[in-house]
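Each chain, letter by letter, is given below.
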Amino acid sequence: MKPQYQYHHTQKSRRRARQRRHFMIVSIGLVSVAAIVSAAIFIGGKLVPISQSETKPKPSPTVSADAGANSSDSSKEESQSTTSQKEPSNSSKEESSTSSEVQVSVDPNGPAYQKKYPDLYVTDRPKMHVLEPGDKTVYLTFDDGPSDLTAPLLDILKKYDAKVTFFDCRQSDYQGEYSSLMKRCVDEGHAVAVHTYSHVMKDVYASVDAYLDDFYKMYKLIEETTGKKPANFFRFPGGSANSYNTEVREDIIKEMTRRGFIYYDWDGDSGDASGGKVSGATIYANTMDAIRRDCDIILLHNVFGKENTLSQIENILKDAQAEGYTFEALDGTLDPTHGYLMTNKIFIPAAMESPLIQLSDWRMEKEGKSTDS
Ligand SMILES: [Zn+2]
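What you are looking at is a predicted structure, and each value in this text was computed from that prediction instead of being measured.

**Student:** Please provide a residue-by-residue account of the pairing of strand β3 (residues 191–194), values included.
**Tutor:** Because side chains alternate across β3, one face comprises the buried residues Ala191 and Ala193, and the other comprises Val192 and Val194, equally buried. By the bridge criterion, 4 bridges tie strand β2 (residues 165–168) to β3 in an arrangement that is parallel. Residue pairing in the sheet places Thr165 in a bridge with Ala191 of β3.

**Student:** A description of the packing of aromatic side chains should follow, citing residues and the corresponding values.
**Tutor:** Under the defined criterion, the tally for this structure stands at 21 aromatic pairs. With 6.4 Å between their ring centres and 70° between their planes, Phe234 and Phe261 make a pair best called edge-to-face. One end of the pair, Phe234, is in strand β4 (residues 233–234); the other, Phe261, is in the loop between α7 (249–258) and β5 (262–263), with 27 residues separating them in the sequence. For Phe234, a relative accessible area of 1% puts it in the buried group. You can call Phe261 buried: its relative accessible area is 0%. Among the aromatic residues, those joined into a ring-pair cluster are Tyr205, Tyr211, Phe215, Tyr219, Phe234, Phe236, Phe261, Tyr263 and Phe347. Over the aromatic face of Tyr197 sits the side chain of Lys217, whose NZ or CZ is 4.5 Å from the ring centroid. The ring of Tyr121 is capped by Arg259, whose NZ or CZ atom sits 5.2 Å from the centre of that ring.

**Student:** I'd like to hear about the pairing of strand β7 (residues 297–301), residue by residue, with values.
**Tutor:** Judged by how many residues are buried, β7 sits mostly within the fold: 5 of 5 residues are covered. With burial as the criterion, each face of β7 is covered, one bearing Ile297, Leu299 and His301 and the other bearing Ile298 and Leu300.

**Student:** Which residues make up unusual backbone geometry, and what values go with them?
**Tutor:** Cis peptide bonds are those with omega within 30 degrees of zero, and the linkage from Gly145 to Pro146 qualifies with -5°. The residue Pro146 is located in the loop between β1 (137–143) and α2 (150–159) in this model. Look at Asp294: it is not a glycine, yet its phi comes out positive at around 75°. Within the fold, Asp294 resides in the loop between α8 (280–292) and β7.

**Student:** Got a sec to walk through the packing of α2 against helix α9 (residues 307–322)? Specific residues and values, please.
**Tutor:** Viewed as axis vectors pointing N to C, α2 and α9 meet at an angle of 5°, and their least axial separation amounts to 10 Å. By the angle between their axes, α2 is roughly parallel relative to α9. Contact residues: Pro152, Leu153, Ile156, Leu157 and Lys159 in α2; Leu310, Ile313, Glu314 and Leu317 in α9. For the contact of α2 with α9, the per-class residue count stands at 7 nonpolar, no polar and 2 charged.

**Student:** Give a description of the pattern of salt bridges that names residues and reports values.
**Tutor:** A side chain with one charge can pair with a side chain of the opposite charge if their charged atoms come near. Throughout the structure, instances matching the rule amount to 22 salt bridges. When the shortest N-O distance is used, the salt bridge between Arg235 and Asp143 registers 2.8 Å. Of this pair, Arg235 sits in the loop between β4 and α7 while Asp143 sits in strand β1, and the two are 92 residues apart along the sequence. A single burial state applies to Arg235 and to Asp143, both of which are buried. Glu188 is the partner of Arg184 in a salt bridge, and the nearest nitrogen-oxygen pair spans 2.7 Å. The exposure class assigned to Glu188 is buried, which follows from its relative accessible area of 18%. Salt bridges here are not isolated pairs; linked through shared partners, they connect Asp119, Lys220, Glu223 and Lys229.

So, how was this worked out
- Residues numbered from 1 in each chain as written.
- Predicted model: local features only at pLDDT ≥ 70, side-chain atom pairs only at ≥ 80, totals over all residues.
- Heavy atoms only, no water.
- Buried < 20%, exposed > 50% of the residue type's maximum accessible area, 1.4 Å probe, protein only.
- Helix = DSSP H or I, 4+ residues; strand = E, 2+ residues; numbered from the N terminus.
- Pairing = 2+ DSSP bridges.
- Phe/Tyr/Trp six-rings, centres within 6.5 Å; stacked < 30°, edge-to-face > 60°.
- Lys NZ or Arg CZ within 6 Å of the ring centre and 35° of its normal.
- Axes fitted to C-alpha atoms, helices over the stretch in contact; angles between N-to-C directions.
- Parallel < 35°, antiparallel > 145°, perpendicular 65-115°, else oblique.
- Contact = heavy atoms within 4.5 Å.
- Nonpolar A, V, L, I, M, F, W, Y, C, P; charged D, E, K, R; others polar.
- Salt bridge = Lys/Arg side-chain N within 4 Å of Asp/Glu carboxyl O.

If you want it as structure tokens, here you go:
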């Protein structure tokens, strides 16, 4: 046992050493601050935010669009379908501006959720492009995975050198067993984006806070699992307009847009989510029909029980490739106009106000904004 005095002695010297350390740290800190301030005054005459650099000129806010129009109901899984509407384009894929680090602003008088998750921002978004009419690029999107059907799907995609987009979630512990597959998806060139963590619609859409909490959990799970930053876009569970989010949809879109995220619905639907077991033949027919109708973003599922979807992928890839179509993963540069047009009713005005989102020139012209930047 240690003698009492020695114990006190040790305690005292430790305390002194600690005090000395604190004094040193504080002194170094003060000297550094003084040095930085002097340098700043010397260089520019005034201090500027470190991250404020070249950004696109901020367009003036547009008149708020009618959020209620076109709102359709889908209490089930995403299963709505719209006809493809290609619109003329003046821009091309090559268009992209240098990514710019921008000052992320939090409105001091805005809602408190703006202060949540300061690492949940997309600040390096290149300018978006639109597809020319007749472009044969197809974006197959698979919702609700990963699952027992993910590995076999990846094998087929590899065989046909097709890239796709996964909008993933983690609905149960059972699904958690497959989370590691998200890394394989990314490693093999596919996009992995947030769909939702729980997919329990009434919880996810209870409020903007609830939405952000759920989103962030999935965002971090993807980041930790894949070792890469998750995609800079996402898909709403149930699509952007559903019966659960009518009250919060507009606020969620504004908040996610403020953070630099865009979202995609779809303009072609395999129909594999519409109630009951849909036959493989129907899924094949719906998907091929959507592809040939010039749809760009096609909704499919990769979750437990969707064996009929999986069973058709090989035929879809083979037949569509034979007709000249190519399958790519979304990379966040495709203007979300390619999808439900209703998404734009709220998204576009919000995006026009965001310094983080750079719309295509075509979109800007359509909105009557100057495109020289
Ligand atoms: Zn879903």
